[in-house]
Amino acid sequence: MYQYLDIKTIHLEISSKCNASCPMCARNICGGAVNPYLPLTELSLQDIKVIFPVNFLRQLNRIYMCGNHGDPIIAKDTLDIFKFFREKNSSLNLSLFTNGSAQSEDWWKELGFVLNSAHFSIDGLEDTNSIYRRGTDFKKIMQNAKSFITGGGKAVWDYIVFQHNEHQVSQAREMAEDMGFHRFVVKKTGRFYSNQKSKVKTKQVILNKKKEIEGYLKIPKNPKYKNRSLQREDELIQKYGSLEKYLNQTQIFCKVSQEKSLYVSSEAFVFPCCWTANQLYPWYFKKRSSQIWKLIEQLTEKEMNLNAKKHSIKKIVEGDFFQKLIPNSWKGKDINKDKLKVCAKTCGQEFTPFTDQFISKSS
Ligand code: SF4
Ligand code: SF4
């Protein structure tokens, strides 16, 4: 893995709180009740000043707020934190990823002045966006996006295609152009995959807070909106015997080692990436039983060894978790034992659902 001085990019989860409940997000159970294991936390400006020394900020090229469990527009200090980053390193590329459905128009305008870009996750039009972005308000999102653009920010419209919104892609693209969005990105989600069964799935249930079924999300019909890796399941089974056997064998090409990026969670835990950090609180496993906990249990102070409010990022990155435990697991032969399944699934050779979200069929 990289060294401290190599790090150029920070992926920051400023909060695990959110105004929405998307059915494929780890913060809730299929769009319903909040994940019972999840601590609802956020980092304050004061925390950020402790975690990110100015010298470190000066070595970075990019900081973006996204995360596994929360939306950055919910944290109370988000704008001030971005202003602080800008003040300490004026050339930083600053951005966030959001559902866009909170905060005032003035807040967004000011954010547009401070940030380079904001990715608005808008998966449909007024009648369909909230089927996935449950709890959001389309009119408010559009107003906020307009304010952000007026403030001088580059707005990007990220559109996840499902069966229920695939007929609206062109109309949304036109709307994005008319409104002055900088880019419109079609995303072919790789989340139609069962982590428990290591199998591709064609639909996912949507639950309400009482765990009652409200509907299903389905893979789009049009092949051009389907995730390439998910479509390769049969081919890989033919070649390796099963997807699990492929994952056992695949070599790992760690994306963040190449990008020199680092993930900081809303609890100030430092991980190489959001994917490994996302193994902390999967609601469908027993608490603290996922593979990543087996590595954390080997650290002297357990998860506190990874806490940037307690230890410097330098010390954490130079410690065993980054330099030994994670990279050593890549040499393992069994995703149910010694090889991190999340690494095999995210950064393997032939099955890369995350990367393929952005790849069109012809490329
Ligand atoms: S908006 Fe983002 S953080 Fe909130 S529920 Fe949806 S995916 Fe999760
Ligand atoms: S999932 Fe594993 S291999 Fe991939 S970027 Fe994260 S640490 Fe690296």
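Check the entry above for the structure.
An account of the accompanying structure is given in this report.

Basis of the calculations
- Residues numbered from 1 in each chain as written.
- Chains lettered and ligands numbered in written order.
- Predicted model: local features only at pLDDT ≥ 70, side-chain atom pairs only at ≥ 80, totals over all residues.
- Heavy atoms only, no water.
- Buried < 20%, exposed > 50% of the residue type's maximum accessible area, 1.4 Å probe, protein only.
- Helix = DSSP H or I, 4+ residues; strand = E, 2+ residues; numbered from the N terminus.
- Pairing = 2+ DSSP bridges.
- Right-handed = clockwise from strand over helix to strand, strands pointing away.
- Core = buried A, V, L, I, M, F, W, Y, C linked by side-chain atoms within 4.5 Å.
- Contact = heavy atoms within 4.5 Å.
- Near = heavy atom within 4 Å.
- Nonpolar A, V, L, I, M, F, W, Y, C, P; charged D, E, K, R; others polar.
- Axes fitted to C-alpha atoms, helices over the stretch in contact; angles between N-to-C directions.
- Left-handed = near helix turned anticlockwise from the far one by under 90°.
- Arc of directions from axis to C-beta.

## Some thoughts on the pairing of strand β5 (residues 154-160)
The buried fraction of β5 is high, at six of seven residues. Pairing geometry for strand β4 (residues 117-121) and β5, over five bridges, is parallel. Its bridge partner lying in β5, Ser121 is registered against Asp158. Both β5 and strand β6 (residues 183-187) contribute to a ladder of five bridges, which runs parallel. Bridge pairing links Trp157 to Phe184 in β6. Assessed by its sense of winding, the connection that carries the chain from β5 through helix α7 (residues 169-179) to β6 is right-handed.

## Overview of the nonpolar core
Within the largest apolar cluster, 109 residues are counted, with the highest numbers of intra-cluster contacts made by Phe52, Phe85, Ile313 and Phe321. In contact with Phe321, not counting residues within four places along its chain, are Phe271, Pro272, Ile292, Leu295, Ile296, Leu299, Leu306, Ile326 and Pro327.

## Quick notes on the pairing of strand β3 (residues 93-98)
Note: strand β2 (residues 62-65) against β3, four bridges, orientation parallel. From the neighbouring strand, Tyr64 faces β3, where its bridge partner is Ser95. As a crossover connection, the stretch from β2 through helix α3 (residues 78-88) into β3 is right-handed. A crossover connection joins β3 to the parallel β4 through helix α4 (residues 105-114); in handedness this β-α-β unit is right-handed.

## Some remarks on the site of ligand 1
Around ligand 1, the neighbouring residues are Cys18, Ala20, Ser21, Cys22, Cys25, Arg27, His69, Gly70, Asn99 and Arg133. Of the residues in the shell around ligand 1, the class split is four nonpolar, four polar and two charged.

## A look at helix α15 (residues 320-329)
Three- or four-residue spacings in an α-helix give side chains the same orientation, since the helix completes a turn every 3.6 residues. If you check which residues of α15 are buried, you get Phe321, Phe322, Leu325, Ile326, Pro327 and Ser329. In the core, the buried residues of α15 are packed alongside β11 (261-264), β12 (270-271), α12 (274-277), α13 (291-296) and α14 (313-318).

## Side note on the packing of α4 against helix α6 (residues 138-150)
Contact geometry of α4 with α6 gives a least axis separation of 6 Å together with a crossing angle of 40 degrees. Crossing geometry of α4 relative to α6 is assigned as right-handed. On α6, the residues touching Glu105, Trp108, Lys109, Leu111 and Gly112 of α4 are Gln143, Asn144, Ser147, Phe148 and Thr150. For the contact of α4 with α6, the class distribution of residues is three nonpolar, five polar and two charged.

## Focus on the site of ligand 2
For ligand 2, the full set of nearby residues is Ile252, Cys254, Lys255, Val256, Pro272, Cys273, Trp275, Thr276, Trp330, Val342, Cys343 and Cys347. Contributions of two or more residues to the shell around ligand 2 are made by α11 (255-259), α12 and α16 (341-347). Grouping the amino acids of the shell around ligand 2 by side-chain chemistry returns ten nonpolar, one polar and one charged.

## Quick notes on the sheet that holds β11
Overall, mixed pairing links the eight strands, which are arranged β6-β5-β4-β3-β2-β1-β11-β12 in an open sheet. For this open sheet the edge positions go to β6 and β12, each flanked by a neighbour on one side alone. Lying on the sheet, α6 is in contact with β4 and β5; it crosses β4 at an angle near 170 degrees. The sheet contacts of α7 involve β5 and β6, and relative to β6 the element is tilted by about 155 degrees.

## A word on α4
Residues of α4 that are buried: Trp107, Trp108, Leu111, Gly112 and Val114. Across the axial projection of α4, the buried residues extend over an arc of 160 degrees, all falling on one side. Looking at α4, the residues exposed on the side facing more than 90 degrees away from the buried face are Asp106 and Phe113. Looking at the buried side of α4, the elements it contacts are α3, β3, β4 and α6.

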